[in-house]
Amino acid sequence: MEKPEILYLSQSEVASVNLPMAEIISALETAFRQKGEGKTEMPPKPGIHPGGGDNFIHAMPAYIPALRSAGLKWVSGFLENSKRGLPYITGLLILNDVETGLPLAVMDCVWITAMRTGAATALSARHLARAESSVVGILGCGVQGRTNLEALNVLFPVKKVMAYDIDPGIARRYATEMESRFSVEVVTVQNPRDAVSGCDMVVTAGPILRKPHQTIQPGWMEEGAFASLVDFDSYWHPDAMKQASKFCTDDTEQLLHYQQVGYFQDIPPIHADLGELVAGKKVGRQSAKERTMTANLGLAIDDMAVAPLIYRRALGMGLGKKLPL
Ligand SMILES: NC(=O)c1ccc[n+]([C@@H]2O[C@H](COP(=O)([O-])OP(=O)(O)OC[C@H]3O[C@@H](n4cnc5c(N)ncnc54)[C@H](O)[C@@H]3O)[C@@H](O)[C@H]2O)c1
């Protein structure tokens, strides 16, 4: 009998697989359809909080039968890391064989986390945004500001981006990079309102805070616009969120859990989760005038939809290190 081996993939090896965003969106679509049909397994993520505050390390297991994917992401987010010159999000993902349960691979999860979160925004937008949406507002020009724009640009005819960051230098670097990667015009703005008003799609991607700073006021978001709250409700005044006629999430049960631990204390009623939208169990946008929103929490099925694609491509490309079990 062959001795079992695992494939170890570092952060740069995962990235060098170069999995296209369009394939990631399509894998997430399959995963969310299965979720909406009740076919996935994904217990709510348990977490530990070393150092307290908003630090977390979460365990995120999932099984997606149609993608023959099973495994777990073990991911941490430590807000003070930037002061130490370390990344905010770090972690590992274990992919298991669905036939035998054997671990097949251990891989860095940072690239996957960044990309799948953008993909989840775009998939939500496919159901909640106007198809002709072309102006995107980005608040928080970091990793998520990049991948969310990349994913929206796959599904929508994006022409113009209004970019706001609390650090104007970061916004300027973002503008230069995004204009060189995508054929879009990026305007940096000094006032967060200018990255909301006049935009068809808005992504807030600053820090997640238990006590929201509530910067976005009622009246800023246009009629017919869509917003993705990647940083939960941190950016939004409760009355601004209440202007949305459909407030969605990626998983209602997990959002209710977050409410119990102090987040999302004043949000509108939940219309649907992404599985229900993709499986056609709940309706998405119904008119050009509705304001729609999603607060996607980031789910284990997002990660486990992407991991087998990375694993298979990496094997084919001869990437990574094989290690004995
Ligand atoms: N929902 C999910 O699935 C999911 C997944 C991954 C990350 N996140 C969250 O997304 C957020 C962004 O993550 P990231 O990896 O892009 O972080 P990042 O550190 O790369 O980028 C954050 C950016 O926000 C800027 N910023 C800080 N305060 C701001 C403010 N008030 N207004 C505008 N900009 C501000 C920072 O200068 C920085 O450029 C974090 O809150 C993270 O927890 C959510």
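Computed from a prediction, not measured in an experiment: that's the story for all the values here.

Peer 1: Looking at this structure, how should I read the overall build of the chain?
Peer 2: Across its full length, the chain holds 9 helices and 15 strands. Relative to its length of 325 residues, the chain is compact, with a C-alpha radius of gyration of 19 Å against a globular reference of 20 Å. Overall, the C-alpha framework of the chain stretches about 65 × 40 × 40 Å when taken along its three principal axes. Among the 325 residues that make up the chain, the fraction classed as buried is 53%. Here the contacts in the chain between residues at least 6 apart in sequence split such that 73% fall between residues at least 24 apart.

Peer 1: What's the story with the site of the ligand in this structure? I'm lost.
Peer 2: Lining the immediate environment of the ligand, one finds 21 residues, of which Gln 144, Asp 165, Gly 206, Tyr 235 and Asn 296 sit closest. Residue Asp 165 places a side-chain N or O atom 2.7 Å away from an oxygen atom belonging to the ligand. Contact distances for the ligand include 2.8 Å between a nitrogen atom and a backbone N or O atom of Asn 296. In isolation the ligand has 860 Å² of accessible area, and contact with the protein removes 83% of it. Listing elements by their share of the shell around the ligand, those giving two or more residues are α3 (110-128) and α4 (143-155). When grouped by side-chain class, the residues that make up the shell around the ligand number 11 nonpolar, 7 polar and 3 charged.

Peer 1: I would appreciate a short explanation of α3 in the present structure.
Peer 2: Count 3.6 residues to each turn of an α-helix, and residues three or four apart come out pointing the same way. Along its 19 residues, α3 runs 27 Å from first to last C-alpha, staying within 8% of the 27 Å computed at 1.5 Å per residue. Of all the 19 residues making up α3, 16 are buried; the element is thus mostly covered by neighbouring parts of the structure.

Peer 1: Even after reading the chapter, I still don't get the nonpolar core, so can you show me in this structure?
Peer 2: If you look at soluble globular proteins, the nonpolar side chains tend to sit buried side by side. Residues Ile 24, Leu 28, Met 107, Leu 149, Tyr 174, Met 201 and Ile 310 are the most contacted members of the largest nonpolar core, which totals 72 residues. Broken down by element, this core gets its largest block of residues, 10 residues, from helix α9 (residues 300-317). Leave out the neighbours within four places in its chain, and Met 201 touches Ala 125, Ala 129, Ser 133, Val 135, Val 136, Gly 137, Leu 152, Phe 156, Val 158 and Phe 226. Grouped together as the second largest cluster of nonpolar side chains are 30 residues, Ala 195, Trp 220, Phe 232 and Ala 240 included.

Peer 1: Please explain the packing of aromatic side chains as it appears in this structure.
Peer 2: Given two aromatic rings, one states the distance between the centres and the angle between the planes to describe the pair. Following the criterion strictly, the structure yields 4 aromatic pairs and no others. Measuring from ring centre to ring centre gives 5.0 Å for Phe 232 and Tyr 258, while their planes differ by 70 degrees; the resulting arrangement is edge-to-face. Residue Phe 232 is found in the loop between β11 (226-229) and α6 (238-241), and its partner Tyr 258 is found in helix α7 (residues 252-260); the two are separated by 26 residues along the sequence. The residues Phe 232 and Tyr 258 share a single accessibility class, namely buried. Ring plane angle 85 degrees and centroid distance 5.7 Å describe the contact between Tyr 258 and Tyr 263, whose orientation is recorded as edge-to-face. No difference in accessibility class separates Tyr 258 from Tyr 263, as the two residues are buried. What links up through ring pairs into an aromatic cluster is the set Phe 232, Tyr 258, Tyr 263 and Phe 264.

Peer 1: What's the story with the packing of α4 against helix α5 (residues 168-181) in this structure? I'm lost.
Peer 2: Think of two packed helices as two axes; the pair is described by the angle between the axes and how far apart they sit. In contact at an axis separation of 11 Å, α4 and α5 are set at 25 degrees when each is read in the N-to-C sense. Between α4 and α5, the crossing angle belongs to the class labelled roughly parallel. For the pair α4 and α5, the sense of crossing is right-handed. Packed against α4, whose contacting residues are Gly 145, Arg 146, Leu 149 and Glu 150, the element α5 presents Tyr 174, Glu 177, Met 178 and Arg 181 at the interface. Tallied by class, residues from the contact of α4 with α5 come to 3 nonpolar, 1 polar and 4 charged.

Peer 1: Can you help me understand the pairing of strand β14 (residues 292-295) in this one?
Peer 2: Consecutive side chains of a regular strand alternate in pointing toward one face of the sheet and then the other. Of the two faces of β14, the one carrying Thr 292 and Thr 294 and the one carrying Met 293 and Ala 295 are both buried. Alignment of β11 against β14, held across 3 bridges, turns out to be parallel. Counterpart to Phe 226 in the pairing with β14 is Thr 292.

Peer 1: Would you explain the side chain of Asp 302 in this entry?
Peer 2: Note on placement: Asp 302 falls in helix α9. Looking at Asp 302, the relative accessible area reads 0%, which means it is buried. From its side chain, Asp 302 meets the backbone nitrogen of Leu 299 in a polar contact 2.9 Å long. Those residues in contact with Asp 302, other than ones at most four positions away along the chain, are Leu 28, Phe 32 and Arg 116.

Peer 1: Just to check I follow, could you spell out the sheet that holds strand β6 (residues 103-108) for this structure?
Peer 2: Backbone hydrogen bonds hold the strands of a sheet together, and the pairing may be parallel or antiparallel. Taken together, the 7 strands give an open sheet; going across it, the order is β2-β3-β4-β5-β6-β1-β15, and neighbouring strands pair in mixed fashion. The sheet terminates laterally at β2 (47-48) and β15 (321-324), the two strands that pair on one side only.

Peer 1: So what exactly am I meant to see when it comes to the environment of Ile 138 here?
Peer 2: Here Ile 138 is to be found in strand β7 (residues 135-139). Separated by 65 residues in sequence, Ile 138 and Val 203 place their C-alpha atoms 5.0 Å apart. Apart from the residues within four sequence positions on either side, Ile 138 is in contact with Gly 145, Leu 149, Val 161, Met 162, Ala 163, Tyr 164, Tyr 174, Ala 195 and Val 203.

Rules used in this analysis
Residues numbered from 1 in each chain as written. Predicted model: local features only at pLDDT ≥ 70, side-chain atom pairs only at ≥ 80, totals over all residues. Heavy atoms only, no water. Helix = DSSP H or I, 4+ residues; strand = E, 2+ residues; numbered from the N terminus. Rg over C-alpha atoms; globule rule 2.2 N^0.38 Å. Buried < 20%, exposed > 50% of the residue type's maximum accessible area, 1.4 Å probe, protein only. Contact = heavy atoms within 4.5 Å. Near = heavy atom within 4 Å. Polar contact = N/O pair within 3.5 Å; in protein donor to acceptor, adjacent residues only side chain to side chain. Areas by Shrake-Rupley, 256 points an atom, 1.4 Å probe, with all protein chains shown as cover. Nonpolar A, V, L, I, M, F, W, Y, C, P; charged D, E, K, R; others polar. Expected span 1.5 Å × (residues − 1). Core = buried A, V, L, I, M, F, W, Y, C linked by side-chain atoms within 4.5 Å. Phe/Tyr/Trp six-rings, centres within 6.5 Å; stacked < 30°, edge-to-face > 60°. Axes fitted to C-alpha atoms, helices over the stretch in contact; angles between N-to-C directions. Parallel < 35°, antiparallel > 145°, perpendicular 65-115°, else oblique. Left-handed = near helix turned anticlockwise from the far one by under 90°. Pairing = 2+ DSSP bridges.

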